[in-house]
Amino acid sequence: MKTIAILGSTGSIGTQTLDVVRANGDIRVAALSAGKNITLLEQQIREFHPRIASIWSEEDAKTLRTKVADLPVEVFCGMDGLHAVAVCEEASVLVTAIVGMIGIVPTIAAIKAGKDIALANKETLVTAGHLIMPLAARCGVKILPVDSEHSAIFQCLNGERQNPIDKILLTASGGPFRGKSYEELKTVRVEDALKHPNWAMGQKITIDSASMVNKGLEVMEARWLFGVSLDQIQVVLQPQSIIHSMVQFMDGAVMAQLGTPDMKLPIQYALYYPERRFLAGERLDFAKISSITFENPNPDTFLGLQYAYEAARTGGSMPTVFNAANERAVSLFLHRKIGFTDIYEMIRDCMDHHTVIPDPDVTQILDTEQSVYERIQSRS
C-alpha cells in the first residue's frame, strides 16, 4: 500500500486527490495540511486517519486539537506544521497542492527526506526551479507533474526519454476572454473572469487562466521539468480543451494526450505512475466531436504571457517578481479593488523596478517576494 502526505488538502487539488484515494482504496494518507478550513480538515482527519495534521494559525490548531482529541493525530501549525507534513516518515510521496511560494521550503525538505513529489504548486519551479531540479536529481527523487498540461507532456514522453524534444506545444483553452481585445478586458468584472468555459478550478487559478498568466507560469515550469529552452515551448490555443498538450520530436512526429477536462486523471497518474488505473468519469466520444481547432494567443491582449517569457529569459529573481506581483494583483482584483488589466500593469511596474539577483537562494527568493508585496501595497 502506497502512503502519501498532502500539503493543501482542503483546496481544489487536495480534495480531488482525496477523491482519487477514496476511489482506489489502496493509498494510505499519513499527513494532511490546510490553510484555514478547520471544518473540512476535521472531516478529512476523521475519514482518512492521518497521523499528522497541520493548519496555519496557532489559534486554529488549538481549536482543531480540541475537535479531534478523540483521535490519535498530532496537530501542528505554521511552517513547523508544513515541515512535519512534508517529511512525515511513513509517506513516500508528497502531494504539493498548496498555493503560493510558501510551498517551496517544505518541498525542499521533502526532497531531502527522499520523498517523490506530486507537484501541483506552480511557484516551486517558477521561482526555484534552478534549485529544485538539481536537488531532486542528487537525491534520486521523482518530480511528478500534476498540472494537466505538464502531465500531458510527461505522458507523451513515457517511453521516449532517449529521444530529444524538438518542441513542446503547450495548449490553453483561452479562457473566458478568448477573442477579446485589450480594451474590452478593461471593463470585465470578477464574475466574468471566474466563468471558465471548460475547467472547474479554484478562484486564483481561474483568474490566472482568464489573464493567461497561468500559461506563462506553465511555460516557466515546463523549461525546468523537461529540460528545454524557452524557444522550444510554443503556446497554442485549443478552445475545446480536448488536447491537453503535445510534444514534437526531431523527426516531425507529434504526440498528444487527449481526454476530458478532469483533474483527477493527472492526479491519479502521478500517484500511480507508471501504472494506469481505471478512473470513473466521462470519456471522449469522437463521433460527437465536430472539430478540434487551434489558434495563436493574441500577445497584444494577453500581456501576461509575453511578460512571463520576458521574466523567464531574464532569469534569476525576475520570475519571482512576476509571480509575486501577479499573486497580489489577483487578490486585489478578486476583492474588487482594481480592474482586470491592472493585473498586467502591476506586473509590469514591479518587473521594471526590480534589480535582478542572478542566482537567488531560498532566502533571497522569499525576500524578493516580500519586496514585491511591499511595493504593491505602497502604491495601492
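See above for the structure.
Residues numbered from 1 in each chain as written. Predicted model: local features only at pLDDT ≥ 70, side-chain atom pairs only at ≥ 80, totals over all residues. Heavy atoms only, no water.

### Remarks on the packing of aromatic side chains
Taken as a whole and judged by the stated rule, the model has seven aromatic pairs. Pairing Y269 with Y273 gives two aromatic rings, centres 5.7 Å apart and planes at 65°, and the pair type is edge-to-face. Residue class for Y273 comes out partly exposed when judged on its relative accessible area of 28%. On the numbers, 6.2 Å between centres and 80° between planes, the contact of F340 with Y344 is edge-to-face. Each of the two residues, F340 as well as Y344, counts as buried. The structure contains a cluster of three or more aromatic residues connected by ring pairs, namely F177, Y182, F333, F340 and Y344. Positioned over the ring face of Y373 is R328, at 3.8 Å from the centre of the ring. (Phe/Tyr/Trp six-rings, centres within 6.5 Å; stacked < 30°, edge-to-face > 60°. Buried < 20%, exposed > 50% of the residue type's maximum accessible area, 1.4 Å probe, protein only. Lys NZ or Arg CZ within 6 Å of the ring centre and 35° of its normal.)

### What about the sheet that holds strand β1 (residues 2–7)?
Strands sit in the order β4-β3-β2-β1-β5-β6-β7 across an open sheet of seven strands; the sheet is parallel. Across the chains shown, the open sheet's two edge strands, defined by having one partner strand only, are β4 (74–77) and β7 (143–145). Averaged over all adjacent pairs, the angle separating strand axes in this sheet is 25°, with direction ignored. Bridge analysis of β1 against strand β2 (residues 27–34) gives six bridges, and the strand direction is parallel. (Pairing = 2+ DSSP bridges. Helix = DSSP H or I, 4+ residues; strand = E, 2+ residues; numbered from the N terminus. Axes fitted to C-alpha atoms, helices over the stretch in contact; angles between N-to-C directions.)

### Considerations on helix α10 (residues 203–211)
Most of α10 sits inside the fold, with seven of its nine residues counted as buried. Restricting attention to buried positions, one finds in α10 the residues K204, T206, I207, D208, S209, A210 and S211. Elements that come into contact with the buried residues of α10 comprise α9 (190–193), α11 (213–226), α14 (318–334) and α15 (342–352). One or two residues past the end of α10 sits M212, with phi positive at roughly 65°. (Contact = heavy atoms within 4.5 Å.)

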